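Next come the chains, spelled out residue by residue.
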Amino acid sequence: MKQVQAVTLCWVLVLVSRLGARDGFPEEASFYYGNFPPGFSWGVGSSAYQTEGAWDQDGKGPSIWDAFTHSGKGKVLGDETADTACDGYYKVQEDIALLREMNVSHYRFSLSWPRLLPTGIRAEQVNKKGIRFYSDLIDALLKSNVTPIVTLYHWDLPQLLQVKYGGWQNASMTSYFSDYADLCFEAFGDRVKHWITFSDPRAMVEKGYETGRHAPGLKLHGTGMYKAAHHIIKAHAQAWHSYRKKWRNKQQGLVGISLNCDWGEPVDIDNPRDVEAAERYLQFCLGWFANPIYAGDYPEVMKDHIGRKSEEQGLDISRLPEFSLQEKSYIKGTSDFLGLGHFTTRYITERNYPSRQGPSYQNDRDLIELIDPNWPDLGSNWLYSVPWGFRRLLNFAQTQYGDPPIYVTENGASQKEHCTQLCDEWRIQYLKGYINEMLKAIKDGANIKGYTSWSLLDKFEWEKGYTDRYGFYYVEFNVRNKPRYPKASVQYYKKIITANGFPNPREVESWHFEALETCSINNQLLAAEPLLSHMHMVSEIVVPTVCTLCTLIAALLLMLLLRSQS
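An unreviewed UniProt entry annotates the chain as Cytosolic beta-glucosidase originating from Marmota marmota marmota. For the record of the chain, the UniProt heading Sequence similarities (unreviewed entry) holds the text "Belongs to the glycosyl hydrolase 1 family. Klotho subfamily."

Here you go:
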């Protein structure tokens with residue numbers, strides 16, 4: 001109980017130190033002009049399954065997402081697949097040119113486990129073409145002075161591991177992942193110095209094992225996600241220890257994990273129940289994975305709530321698995337940095353869900369999430385622009401987990417498919433607000449080393465298909481060669497990178513106008529794309545066909561001429 005009280009006090013101190021006046025948060029509305037620390041790393045990100053395509057090429061095995069998208073109607077909006085996605089597998093040099101154009105310091109991307117190990121098991125088969133592909137990609141990045149930040153697992157588990165062993169429901173997955181990670185350290189660790197084991201595992205297990213909206217599409221309410229998370233945390237720790245034991249002295253790299261969490265703000269900061277509910281929201285979101293890694297065990301509030309509800313549901317043991325004393329010691333401290341992803345904020349208030357409703361993640365938390373109708377709506381049904389929540393989350397993580405080095409590994413905003421306008425002023429405003437709140441967090445004392453904006457390209461967005469567009473570059477998916485077009489936000493982000501912050505009001509204001517000026521020409525090019533595509537089709541299909549017919553007619557006439565002469 002004392003630990004719960006101490007954590008609550010810590011959380012409240014972080015919250016209250018940022019509040020000031022409640023109405024409209026005027027202290028948050030003031031823009032802070034200044035620079036990021038020297039050497040601050042600016043980047044963009046992507047993931048293998050969302051961008052590469054080439055799903056069955058050059059020896060790649062199927063992933064759970066290949067199986068999920070191919071298995072029937074209704075699982076993905078528009079019944080889309082990522083079979084070709086952005087054709088990133090074939091457009092490496094083109095996309096690296098985009099990185100150079102943006103002047104980024106680093107590029108965060110993921111490796112495809114089934115592209116490297118088609119069956120998922122290293123002892124069975126290593127795909128040399130997959131090794132060569134990523135090796136060439138890393139070399140090309142370094143040649144362009146772009147630092148690779150490499151994610152080992154971004155949701156695309158080899159399908160054969162799911163079929164044979166039940167995927168992350170099986171404890172053996174920790175060993176298979178460790179073997180896979182060890183292969184990656186061995187093959188690429190001489191050049192890669194920043195490793196992320198897992199990307200946003202909370203969303204992965206909640207949507208993959210609780211709601212079934214993501215691969216592998218299981219609905220094991222209130223049990224499956226906790227079991228999968230338990231194995232993922234142990235797999236992360238095993239990979240970290242393997243790197244420390246075998247590779248760190250030689251390669252001098254860092255290994256961390258990327259955890260995504262929205263900020264949870266109490267509806268009423270004077271109501272202790274709302275404050276506790278908001279803290280519970282953060283512990284069930286961020287603390288679920290961060291607390292074992294930084295403190296050795298699950299948050300007490302998770303253990304208490306899930307344990308009590310499990311008992312009320314007639315179970316002998318809690319639905320939340322337990323770590324042994326040996327496992328707690330083994331997991332604690334297994335992170336050289338904290339990767340933190342963040343997109344939006346929610347207001348939180350308490351709501352007691354009766355245990356008789358059955359086990360579920362939602363019921364275990366005993367809270368509801370609300371939005372302020374005045375928050376800017378970016379066209380998505382979940383993402384609202386609330387920059388001040390970003391600063392609070394960064395300060396919470398800094399205080400909660402003992403001042404770790406933090407890399408912001410995902411932050412961005414989506415755009416609906418029907419909005420093909422390249423003058424994305426709303427994204428510029430999002431970038432400006434969120435990056436400025438990050439600068440304020442650094443001023444507060446947060447140890448933030450780098451920022452990854454999400455994402456480089458429009459790409460396959462999981463169950464939403466191609467409807468949500470997060471990219472700095474618009475991708476025309478309906479055209480065979482998947483052309484890329486820069487949005488206005490490319491120029492704006494580039495200005496922030498070049499200045500390493502926000503120098504003064506006049507200059508920052510000029511960035512806005514300059515960025516919007518550049519997009520009008522690109523909009524004209526995009527509008528002309530159907531005509532260009534048609535002309536391309538003519539040149540590729542009609543012209544060769546006509547030439548072939550002319551050749552055949554000429555040959556026929558020549559044959560008739562020769563016959564008449566004979």
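J.: How should I be thinking about the nonpolar core in this particular structure?
T.: For soluble globular proteins, nonpolar side chains are generally found buried alongside one another. Judged by nonpolar contacts, the single largest core of 154 residues is most densely connected at Leu111, Trp168, Phe177, Trp195, Met438 and Tyr493. Residue contacts for Leu111: discarding those within four places in its chain leaves Ala48, Leu116, Tyr134, Val150, Thr151, Leu152, Asp156, Tyr180, Cys184, Phe188 and Trp195.

J.: Even after reading the chapter, I still don't get the state of the cysteines, so can you show me in this structure?
T.: What is meant by a disulfide is a covalent connection between two cysteines, made through their sulfur atoms. For the structure on display, the rule yields 1 disulfide. Residue pairing for Cys261: its cysteine sulfur links by disulfide to Cys285, the two sulfurs lying 2.4 Å apart. Of the two residues, Cys261 sits in the loop between β6 (254-260) and β7 (263-266) while Cys285 sits in helix α13 (residues 272-295), which places them 24 residues apart along the sequence. For the pair Cys261 and Cys285, a shared accessibility class is recorded, and that class is buried.

J.: How do you make sense of helix α18 (residues 425-444) when you look at a structure like this?
T.: Here α18 spans 29 Å end to end across 20 residues, near enough to the 28 Å set by a 1.5 Å rise per residue. When you tally the buried positions in α18, you get 14 out of 20 residues, the bulk of the element. Just downstream of α18, Gly445 is the residue with a positive phi angle, here 120°.

J.: Got a minute to help me understand the packing of aromatic side chains in this structure?
T.: The geometry of two aromatic rings is summed up by the distance between their centres and the angle between their planes. Under the criterion given, the structure shown has 51 aromatic pairs. Centre to centre, the rings of Tyr347 and Trp375 are 5.2 Å apart; their planes meet at 20°, and the pair counts as stacked. Highlighted residues: Tyr347 in strand β9 (residues 345-350) and Trp375 in the loop between β10 (367-370) and α17 (388-400), separated in sequence by 28 residues. Clustering of aromatic rings is evident, with ring pairs tying together Tyr49, Trp65, Phe68, Trp155, Phe460, Trp462, Tyr466 and Phe477. When the ring centre of Phe133 is taken as origin, the NZ or CZ atom of Arg115, which lies over that ring, is 6.0 Å away. A cation over an aromatic ring shows up here: Lys432 above the ring of Phe31, its NZ or CZ 5.0 Å from the ring centre.

J.: Even after reading the chapter, I still don't get the sheet that holds β9, so can you show me in this structure?
T.: Backbone-to-backbone hydrogen bonds join strands into a sheet, with any given pair of strands oriented parallel or antiparallel. Taken in spatial order, the 3 strands line up as β7-β9-β10 in an open sheet, and their pairing is mixed. Pairing within the sheet leaves two strands with one partner each, and these edge strands are β7 and β10. Within the sheet, the average angular offset between the axes of one strand and its neighbour, ignoring direction, is 40°. Of the pairings in the sheet, the one linking β7 to β9 comprises 4 bridges and is parallel in character. Bridge pairing links Pro266 to Ile348 in β9. Against the sheet, α13 contacts β7, β9 and β10, and its axis sits at roughly 125° relative to β9. Those strands touched by α17 are β7 and β9, and its axis lies near 100° from that of β7.

J.: How should I be thinking about the pattern of salt bridges in this particular structure?
T.: Once the charged atoms of two side chains with opposite charge are near each other, the side chains can pair. Going through the model one piece at a time under the given rule, you end up with 37 salt bridges. Of the charged contacts, one joins Arg191 and Asp139 as a salt bridge, the two residues approaching to 2.8 Å between their closest N and O atoms. Here Arg191 is found in the loop between α9 (173-188) and β5 (194-199), whereas its partner Asp139 is found in helix α7 (residues 128-143), with 52 residues between them in sequence. Across the salt bridge formed by Lys309 and Asp366, the nearest N and O atoms sit 2.8 Å from each other. Of this pair, Lys309 sits in helix α14 (residues 300-312) while Asp366 sits in the loop between α16 (361-365) and β10; the two residues are 57 residues apart in sequence, bridging distant segments of the chain. Asp366 shares its class with Lys309; the two are buried.

How each quantity is defined
- Residues numbered from 1 in each chain as written.
- Predicted model: local features only at pLDDT ≥ 70, side-chain atom pairs only at ≥ 80, totals over all residues.
- Heavy atoms only, no water.
- UniProt positions renumbered as here; feature names shortened; annotations may be inferred.
- Core = buried A, V, L, I, M, F, W, Y, C linked by side-chain atoms within 4.5 Å.
- Buried < 20%, exposed > 50% of the residue type's maximum accessible area, 1.4 Å probe, protein only.
- Contact = heavy atoms within 4.5 Å.
- Disulfide = S-S within 2.5 Å.
- Helix = DSSP H or I, 4+ residues; strand = E, 2+ residues; numbered from the N terminus.
- Expected span 1.5 Å × (residues − 1).
- Phe/Tyr/Trp six-rings, centres within 6.5 Å; stacked < 30°, edge-to-face > 60°.
- Lys NZ or Arg CZ within 6 Å of the ring centre and 35° of its normal.
- Pairing = 2+ DSSP bridges.
- Axes fitted to C-alpha atoms, helices over the stretch in contact; angles between N-to-C directions.
- Salt bridge = Lys/Arg side-chain N within 4 Å of Asp/Glu carboxyl O.

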